[in-house]
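# Coordinate inspection notes
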Amino acid sequence: MNITTFEEYQTAYAQSVSDPEGFWAEVAQQFVWKKPWKKVLEWNFTEPSVKWFVGGKMNITENALDRHLADKADHPAIIWEPNEPDDQPVTITYSMLHTRVCRFANVLKKYGVKKGDRVCIYLPMVPELAIAVLACARIGAVHSVVFGGFSAQSIADRINDAGCTMVITSDGAYRGAKVIPMKSTVDDALEKCSTVKNVIVMTRTRTPISMLKGRDHWWEEEVKHVDAICPAEEMDAEDTLFILYTSGSTGKPKGVVHTCGGYMVYAAYTFSNVFQYQPGEIHFCTADIGWITGHSYIVYGPLCEGATSLMFEGVPTYPDAGRFWEIVEKHKVNILYTAPTAIRSLMSFGLQYVKDHDLSSLTKLGSVGEPINEEAWQWMKHNIGKNNCPLIDTWWQTETGGIMITPIAGVTPEKPTYATLPLPGIQPLLVDEHGNEIEGNGVSGNLCIKFPWPGMIRTTYGDHERCKQTYFSTYPGLYFTGDGCLRDEDGYYRITGRVDDVINVSGHRIGTAEVENAINMHLGVVESAVVGYPHDIKGQGIYAYVITEHKPDDPEMFRKDIAVTVTRVIGPIARPDKIQFVSGLPKTRSGKIMRRILRKVAEGETSSLGDTSTLLDPTIVDEIKDGAL
Ligand code: WT7
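Residues numbered from 1 in each chain as written. Predicted model: local features only at pLDDT ≥ 70, side-chain atom pairs only at ≥ 80, totals over all residues. Heavy atoms only, no water.

### Notes on the UniProt feature "domain: Acetyl-coenzyme A synthetase N-terminal" (unreviewed entry) in the chain
Defined as follows: UniProt positions are given in the numbering used here, feature names are shortened, and annotations may be inferred rather than shown by experiment. The helix count covers DSSP runs of H or I at least four residues long, the strand count covers runs of E at least two residues long, and both are numbered beginning at the N terminus.
Under the UniProt annotation, "domain: Acetyl-coenzyme A synthetase N-terminal" (unreviewed entry) lies at residues 9-64. For residues 9-64, the helix share is 43%, the strand share is 25%, and the end-to-end C-alpha distance is 26 Å.

Listed below in structure tokens is the structure:
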């Protein structure tokens, strides 16, 4: 099933379109199933309802752990590189990981967590994060990992939406030079949550924290008193494996639901093929497990394939901008999977941080999260890959579960800044604003997918209608990605960015409406409008236009106060980069904000604002232009 040449890719692709069920059945057969499926696929994109491997029973941890015990028990599963370069890295073999997962799964059971219960995980990038995720999967509990940078309010919103009964966290976290509180943030969140019965706290920083009797328990203490054997719960292929919250163009973040069987098959298949993983290679994905990239390409994909996954606790610029390269050299990393924002940031520090490190172990490079610009692509290819490593630009989303459009490393001819071609099983199409398919090459439009794939979203937690509205209603019968895309003369795809009110800041997806709601909570703010603008390092920055009750006496201080409110409500990733105070917003007579104008001004393109005649008050545009930051 593994693709090794471009001809094999073409054959596999053709088969996956002519006989999708046969294609995926062959892939799925390579996994351990407790009971075989009765039907490969049942679907319609109207309800929508998508079921893969119907009636099949399995547990993803038997595939990620148990099945490797026969021949890879002493093989490293996870290599953990701590925040401080001088601290000792930790290697966890498959057999050790298996034991630690089983023990922790028994701790979850001891506190009453059962199949189907939701567990919130709020941890730094420590091995316990991967262990907690796998322990939930072991017993059939649904994990909802919340990225460590989110605020107490965001944690509370996610816990309440999913009705989590347990939270797993740590006392604190090390991130570069900073020590970040975790448990106290969870404590603040839990004041607003009534469903949580127990909290397990892992010790990382030994920061003083409050431990409530009857609710809070130390991880290290608990694992001492439980059995090291924990049978894997039998899961239906369509039982929920996890929820992961992501932002959209409206409302609060939604819980994207992934299920056990299809997600497993897709994460593992894409991992081994896209990266052309060879046994023994060390795979370093620099994402946080709090995002889908970490779920699929630090935890599930690599472990299901028996690979060695490197987990890094810190940040790329600590203690200096050479940290990634030092890690590559120290651990002889073969595959490096990172984000354009990290590349651009490291580029800006100069080559002196690269040149003293031996990067000859690298065999493959990958990029994910946002469009990669030509300069960053070339820099990575030449200076990190020494023109010797394939560099793949992988396009996908939280909702897709795994990589969708990408070169297969060393197999698909590359084209800088292009995600190139769809993987087998993925049938993309471009549509115009009316939903008509745009055929042929050398065209651009909105990117949709017309046929299901095993890793796709099944629902949005607790609100199926929202799933339908968001993804399956804009263009009936199609899954709509929210991305704009061009297909060049060779049929290669290049994703150009979101076409909805979602912005991508350093590869993190943020809804403009969410940021506006947070800004509007600030005392003295009447209204706001948020847009993205091109940012050299982050890809997009956050530009906020704010109407205040009174002209601020100290605008600089007011900006800082607003930023603190946004950090409190959402988290530091949503903090506006620029705040412009305005007396009004460009609204049409029907009251709709003309975001096009705000985007242009934020981009610094004030000469081509287009037609403003439908505005209620066209003079506001001049004021906004004159005050542009
Ligand atoms: C959005 C999804 C999938 C893991 C990380 C982000 C943008 C992602 C690329 C790429 C251009 C990309 C899209 C997409 N995006 N990868 N290679 N080229 N754009 O997951 O937070 O769900 O965000 O990120 O706009 O819709 P996410």
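So, next bit.
### Brief notes about the sheet that holds strand β21 (residues 428-431)
Just so we agree on the cut-off: For two strands to be treated as a pair, DSSP must find no fewer than two bridges joining them. Axis definition: a line fit to C-alpha positions, over the contact stretch in the case of helices; interaxial angles, taken between N-to-C directions, run 0 to 180 degrees.
Spatially, the 4 strands line up as an open sheet ordered β21-β22-β24-β25, and their pairing is antiparallel. Pairing within the sheet leaves two strands with one partner each, and these edge strands are β21 and β25 (493-498). Ignoring strand direction, the axes of neighbouring strands in this sheet form an average angle of 45°. When β21 meets strand β22 (residues 443-449), the two strands line up antiparallel, connected through 4 bridges. The residue bridging P428 from the neighbouring strand is I449, located in β22.

### Some points on the UniProt feature "domain: AMP-binding enzyme C-terminal" (unreviewed entry) in the chain
When the UniProt feature table is mapped onto this chain numbering, "domain: AMP-binding enzyme C-terminal" (unreviewed entry) sits at residues 514-592. As a span, residues 514-592 carries 28% helix and 33% strand, and end to end its C-alpha atoms are 17 Å apart.

### Some words on helix α20 (residues 619-626)
Helical periodicity: at 3.6 residues per turn, an α-helix aligns residues three or four positions apart in one direction. Quick note on the threshold: When a residue's accessible area, from a 1.4 Å probe over protein chains only, is under 20% of the maximum for its type it is buried; when over 50% it is exposed; and in between it is partly exposed. The arc in question is the one spanned by the directions pointing from the helix axis to the C-beta atoms. Here, two residues are considered to be in contact whenever any of their heavy atoms come within 4.5 Å of each other.
Among the residues of α20, those classed as buried are I620, V621 and I624. Across the axial projection of α20, the buried residues extend over an arc of 105°, all falling on one side. In α20, those exposed residues whose orientation departs by more than 90 degrees from the buried face are T619 and D626. Tucked into the core, α20 has its buried residues touching β29 (539-548), β30 (578-582) and α19 (595-603).

### Overview of the confidence of the model for the chain
What counts here: pLDDT is defined as a per-residue confidence score from the predictor, taking values between 0 and 100.
This prediction gives the chain a mean pLDDT of 96; 100% of its residues lie at or above 70. Interface confidence for the predicted complex, expressed as ipTM, amounts to 0.99; the pTM equals 0.96.

### A closer look at the side chain of S528
You can see S528 is positioned in strand β28 (residues 525-535). Judged by relative accessible area, which is 3%, S528 ranks as buried. Here S528 is in contact with E516, I519, N520, Y545, V546 and L585, once residues within four sequence places are set aside.

### Quick notes on the packing of helix α7 (residues 152-162) against helix α8 (residues 183-190)
We count it as follows: For this classification, under 35 degrees means roughly parallel, over 145 means roughly antiparallel, 65 to 115 means roughly perpendicular, and everything else is oblique. Working rule for handedness: look at the near helix, and if it is turned counterclockwise from the far one by less than a right angle, call the crossing left-handed; if clockwise, right-handed.
α8 packs onto α7 with a crossing angle of 55° between their chain directions and a minimal axis gap of 8 Å. If you check the angle between α7 and α8, you find them oblique. Note on packing geometry: the crossing formed by α7 with α8 is right-handed. Across the interface between the two elements, A152, I155, A156 and I159 of α7 pack against T185, D188, A189 and L190 of α8.

### Some words on the site of the ligand
As a reminder of what qualifies: Nearness of a residue to a molecule or strand requires only that one of the residue's heavy atoms be within 4 Å of it. Any pair of nitrogen or oxygen atoms within 3.5 Å is treated as a polar contact; in protein, a donor-acceptor pairing is required on top of that, and neighbouring residues in sequence qualify only through side-chain atoms on both sides. In short, Shrake-Rupley with a 1.4 Å probe defines the accessible areas, and a residue's cover is counted only from the protein chains shown. Throughout, the ten residues Ala, Val, Leu, Ile, Met, Phe, Trp, Tyr, Cys and Pro are labelled nonpolar, Asp, Glu, Lys and Arg are labelled charged, and all others, Gly among them, are labelled polar.
Taken together, 17 residues lie around the ligand, and D393, T394, T398, D483 and R509 are the ones closest in. At 2.8 Å from a nitrogen atom of the ligand is found a main-chain nitrogen or oxygen belonging to T394. In this structure, D483 approaches the ligand through a side-chain N or O atom, which is 2.6 Å from an oxygen atom. In isolation the ligand has 560 Å² of accessible area, and contact with the protein removes 96% of it. Of all the secondary-structure elements, those providing two or more residues to the shell around the ligand are α11 (292-304), β20 (391-394) and β25. For the shell around the ligand, the residue count by class is 6 nonpolar, 6 polar and 5 charged.

### Re the domain arrangement of the chain
Condition: Domains are outlined according to an automatic or database domain assignment. Throughout, the accessible surface (probe 1.4 Å) given up by two parts as they are put together, summed over both, is called the buried area. Just to be clear on terms, a salt bridge is a Lys or Arg side-chain nitrogen sitting within 4 Å of an Asp or Glu carboxyl oxygen.
Segmentation of the chain into domains returns domain 1 (6-315 + 394-445) and domain 2 (502-626). Residue-level contacts link 17 residues of domain 1 with 14 residues of domain 2. Roughly 1100 Å² of surface becomes buried between domain 1 and domain 2 when both sides are summed, with 49% attributable to carbon and sulfur atoms. Counting across the domain 1 and domain 2 interface gives 1 salt bridge. The partner of R509 in a salt bridge is E399, with the nearest N and O atoms 2.7 Å apart. Here domain 1 is connected to domain 2 by 9 residue pairs in polar contact (both at pLDDT 80 or more). When the residues that make up the side of domain 1 that touches domain 2 are grouped by side-chain class, the tally is 4 nonpolar, 12 polar and 1 charged.

### With respect to the environment of W396
Assignment of secondary structure puts W396 in the loop between β20 and β21. Given the relative accessible area of 9%, W396 is considered buried. Along the chain, W396 and C304 lie 92 residues apart, while their C-alpha atoms are 20 Å from each other. Here the side chain of W396 touches Y337 through a polar contact of 3.1 Å, side chain to side chain.

### Points about the packing of helix α2 (residues 20-28) against helix α10 (residues 260-274)
For the pair α2 and α10, the least separation of the axes is 10 Å and the interaxial angle reads 80°. As summarised for this structure, α2 and α10 are arranged roughly perpendicular, according to the angle between their axes. Contact with α2, carried on its side by F23, W24, V27 and A28, involves V265, Y266 and Y269 of α10 and no other residues of that element. Tallied by class, residues from the contact of α2 with α10 come to 7 nonpolar, no polar and no charged.

### Focus on helix α12 (residues 323-331)
Residues R323, F324, W325, I327, V328 and H331 constitute the buried set of α12. At the exit of α12 stands K332, carrying a positive phi of roughly 50°.

### A closer look at the sheet that holds strand β8 (residues 166-170)
Pairing within the open sheet is mixed, and its 8 strands lie in the order β12-β11-β8-β6-β7-β14-β15-β23. With one partner strand each, in any of the chains shown, β12 (216-218) and β23 (459-460) form the two edges of the open sheet. The pairing of strand β7 (residues 142-145) with strand β14 (residues 240-246) spans 2 bridges and is parallel. Note that in β14 the partner of S144 across the bridge is I243. Each of β6 (118-122), β7, β8, β11 (198-202) and β14 touches helix α6 (residues 127-139); the most contacted strand, β6, lies at about 175° to it. Where α11 meets the sheet, its contacts fall on β7, β14 and β15 (254-259), and the angle it forms with β14 comes to roughly 140°.

### Some thoughts on the packing of aromatic side chains
Rules: Between 30 and 60 degrees the pair is tilted, below 30 it is stacked and above 60 it is edge-to-face, where a pair is any two Phe, Tyr or Trp rings, Trp via its six-membered ring, whose centres lie within 6.5 Å. Note on criteria: charge over ring means Lys NZ or Arg CZ within 6 Å of the ring centre, with the direction from the centre no more than 35 degrees off the ring normal.
Scanning the model with the defined rule gives 40 aromatic pairs in all. Site record: aromatic cluster; members linked through ring pairs are F23, W24, W33, W37, W52, F53, Y266 and Y269. Taking the ring centre of Y418 as reference, the NZ or CZ of K415 above it sits at 5.2 Å. The side chain of R494 reaches across the aromatic face of Y418, ending 5.7 Å from its centre.

### Some remarks on unusual backbone geometry
In the segment running from E47 into P48, the intervening peptide bond is cis, with an omega of -10°. Take P48: it is sitting in the loop between β1 (39-44) and β2 (49-54). A cis geometry characterises the amide bond from Y318 onward to P319, with omega recorded as -5°. Inspection of the secondary structure assignment puts P319 in the loop between β17 (308-312) and α12. Even without a glycine there, the phi angle at R206 is positive, about 50°. Tracing the chain through its elements places R206 in the loop between β11 and β12. On the basis of relative accessibility, which here comes to 53%, the residue R206 falls in the exposed class. Located in the positive-phi region is S506, a residue other than glycine, with phi close to 50°. A relative accessible area of 22% means that S506 is categorised as partly exposed.

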